[in-house]
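A closer look at the structure
If you want the building blocks of each chain, they are given just below.
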Protein chains: 2
Amino acid sequence: MARLAGVSRATVSYVLNKATAVRISEPTRRRVHAAAKELGYVPHAAARSLRAGHSRVVLMPAPGFPAGPLYHRFLGDLQLALGRLDYTVVQYGSMGVDGDEAARAWAELRPVAVLVPGPGLGPQGVTVLKRSGARAVVTLGPRPVEGAHALLMDFEAVGHRAGSHLAERGRRRVGVVVPEEEGLAAFSAPRLAGVRRALHGTGAAVTELPLAYDEESAARLAARWPGLGLDAVFAYNDEYAMLLMRALQDAGVRIPADTAVIGADDLMLGRLLRPRLSTVHIDLPSGRELAELVDRAVRSPGTAPGTHEVLGARVVPRDSS
Amino acid sequence: MARLAGVSRATVSYVLNKATAVRISEPTRRRVHAAAKELGYVPHAAARSLRAGHSRVVLMPAPGFPAGPLYHRFLGDLQLALGRLDYTVVQYGSMGVDGDEAARAWAELRPVAVLVPGPGLGPQGVTVLKRSGARAVVTLGPRPVEGAHALLMDFEAVGHRAGSHLAERGRRRVGVVVPEEEGLAAFSAPRLAGVRRALHGTGAAVTELPLAYDEESAARLAARWPGLGLDAVFAYNDEYAMLLMRALQDAGVRIPADTAVIGADDLMLGRLLRPRLSTVHIDLPSGRELAELVDRAVRSPGTAPGTHEVLGARVVPRDSS
DNA sequence: TTGAAAGCGCTACCAG
DNA sequence: CTGGTAGCGCTTTCAA
């Protein structure tokens, strides 16, 4: 490349990186740019970061659980915000392998920061990543992990809000939907626990309701409904809530008269049902905030990792409860 | 690393890559493995692919348009399948930049293959990628691109199926929802065209209906409904269909008596509405198939890029039409 | 069976 | 102002 522009490789590097320390003559500059354009020259990221000793890659393993629209919007924001700070966000598909084992694969890319959604990463994995040069490891999940910054998504609070709401409405026999789908346990368990805590000491009873995300499973559950004797149900999220609510209505259960239903996530679609679905609205941290946290952590890696409570949860009462 | 195991770097390389060409004594082997574990040694992917001259990275730019659950399932499959073939799938967040410009950024990573969802990549971009060493460039979109393998997602056919279905049902004044959201035009335009083609010569009229994905916009459209005089509507996809159908029902329009509604994508949620939503089911290619296509293309890069028709579309009539 | 050394593409220092 | 050059971590050929 340099040869064809008639200059040395160093000069090329200077020109393309707009190095300020050295001044390159305008004609040379032009020749370099022209040659680059003509050859379709593109710098080699691997070589660059090898030389530099660090990269600007922020690695985000793709979540191993079925993620909803909420998560995808958040992800988009985050990518945009990190992009503005000149990081390159890379989503790495490492499905099927568990965290600490996967961490090794992630470390091969020598990312400057790693954002791990969900549980699954242990202290071991954090160590591997840090040793490989990651200047920030951030977990987004229900529990903090030794050595990593934690964005604590307190799903227990989501359940707690839902439980309190139902109790306030005078409901005493509360069902809690627990998805049967793989990988959702880490999210459903705290929600269930939250409901239990909210109802503890009120004399209300909590019943666990396993449910797969298909009509048949919902119909089966609805058929058992009279025997269950429940006057309320917290349905994990809006999608399960919509599924269950429909099945209940088809089985002749009146909502909210016989049974109150509340979901979570505040999806637009829940507003379209009749009755309109009550829900727990969840405020994820904004992509911008997370991006800034990452940036701070990268710039001053000495700082002790902090734990931030980042989930706002509030009930949006509508007509189904 | 090598020093601490008491052997040379070459030996380390042999052991960790299980090189078959040379035989390493068992004790040495063990020493290397032990040292690697103790130091938490992880090979440096950049250095490796720099030396090798190529990588096993399959790059997939994150789509610049709001992607639905359909796409995310497909993506998961694909990652799994490519992972099995020992490729590393990397999703690159390059939102906001247009294809040919972004291609340059993608090329910096020297991926062995690039899968580009949606339109936006032109022949220029393909050239850049190929010159940078990509052995396969595959587009997943409405039109083929010069020089790239194309998986042709024929959304025109989706519209055509919907249009034919409505015509068969005797509908003559058909509305077609066109989302106002950014980036969806490339998908909605062919669907609209498909409806037009299906209805051409039947004497039926087609009306374009811009709609944003929120309740207010839907309510405004529903309020104009009587004046529009439509007896059917194809609502771009199930989500817009659900939104519009609810607004129409609230405005007193009977479905399907006054107006038939059909969506697309066959989301489970559509089945939960009353009346149950008719839809056009779309068969995406399986992740496994795409993975194999990529693998073939990588292994024999001489082959002329092919164009494959990969979208099965069929009407699933339910109660809303 | 192991070690020494070259070189992948790039940047940063230092000499011209 | 520009060019030569060392060296990032790794693999691979050649020699010992």
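Residues numbered from 1 in each chain as written. Chains lettered and ligands numbered in written order. Predicted model: local features only at pLDDT ≥ 70, side-chain atom pairs only at ≥ 80, totals over all residues. Heavy atoms only, no water.

**Some points on the nonpolar core**
The nonpolar side chains of a soluble globular protein tend to be buried, and buried together. Membership of the largest hydrophobic core comes to 157 residues, with the highest contact counts inside it found for W225(A), L290(A), W225(B) and L290(B). V128(A), V57(B), Y92(B) and A134(B) belong to the second largest nonpolar core, which has 38 residues in total. (Core = buried A, V, L, I, M, F, W, Y, C linked by side-chain atoms within 4.5 Å. Buried < 20%, exposed > 50% of the residue type's maximum accessible area, 1.4 Å probe, protein only.)

**Overview of the interface of chain B and chain A**
Counting residues at the interface gives 46 residues for chain B and 46 residues for chain A. Both sides together, the interface formed by chain B and chain A hides about 4,200 Å², and carbon and sulfur atoms give 60% of it. In terms of surface lost to chain A, no three residues of chain B exceed V42(B), E215(B) and L272(B), which account for 14% of the buried area on that side. For the pair chain B and chain A, the interface holds six salt bridges. Of the charged contacts in the structure, one is a salt bridge between R276(B) and E215(A), with a shortest N-O distance of 3.5 Å. The interface formed by chain B and chain A includes 14 residue pairs in polar contact (both at pLDDT 80 or more). By the bridge criterion, three bridges tie strand β2 (residues 88–92) of chain A to strand β2 (residues 88–92) of chain B in an arrangement that is antiparallel. If you follow Y92(A) over to β2(B), its bridge partner there is V90(B). (Contact = heavy atoms within 4.5 Å. Buried area = accessible area lost by both parts, 1.4 Å probe. Salt bridge = Lys/Arg side-chain N within 4 Å of Asp/Glu carboxyl O. Polar contact = N/O pair within 3.5 Å; in protein donor to acceptor, adjacent residues only side chain to side chain. Pairing = 2+ DSSP bridges. Helix = DSSP H or I, 4+ residues; strand = E, 2+ residues; numbered from the N terminus.)

**Regarding the relation of the copies chain B and chain A**
After a rotation of 180° and a shift along the axis of 0.1 Å, chain B superposes on chain A with an RMSD of 0.1 Å. Within this description, the copies of the chain are treated as partners about a two-fold rotation axis. Of the interface residues in chain B, 100% have counterparts in chain A that sit at the interface too, so the contact is made through matching surfaces. (Least-squares fit on C-alpha atoms with pLDDT ≥ 70 in both.)

**A short note on the packing of helix α2 (residues 9–16) of chain A against helix α3 (residues 26–39) of chain A**
Residue and element names in this part refer to chain A. Running from N to C, α2 and α3 point in directions that differ by 90°, and their axes come no closer than 10 Å. Viewed along their axes, α2 and α3 adopt a mutual orientation that is roughly perpendicular. Here T11, V12, V15 and L16 of α2 come into contact with α3, specifically with T28, R29, V32 and H33. Grouping the constituent residues of the contact of α2 with α3 by class yields four nonpolar, three polar and one charged. (Axes fitted to C-alpha atoms, helices over the stretch in contact; angles between N-to-C directions. Parallel < 35°, antiparallel > 145°, perpendicular 65-115°, else oblique. Nonpolar A, V, L, I, M, F, W, Y, C, P; charged D, E, K, R; others polar.)

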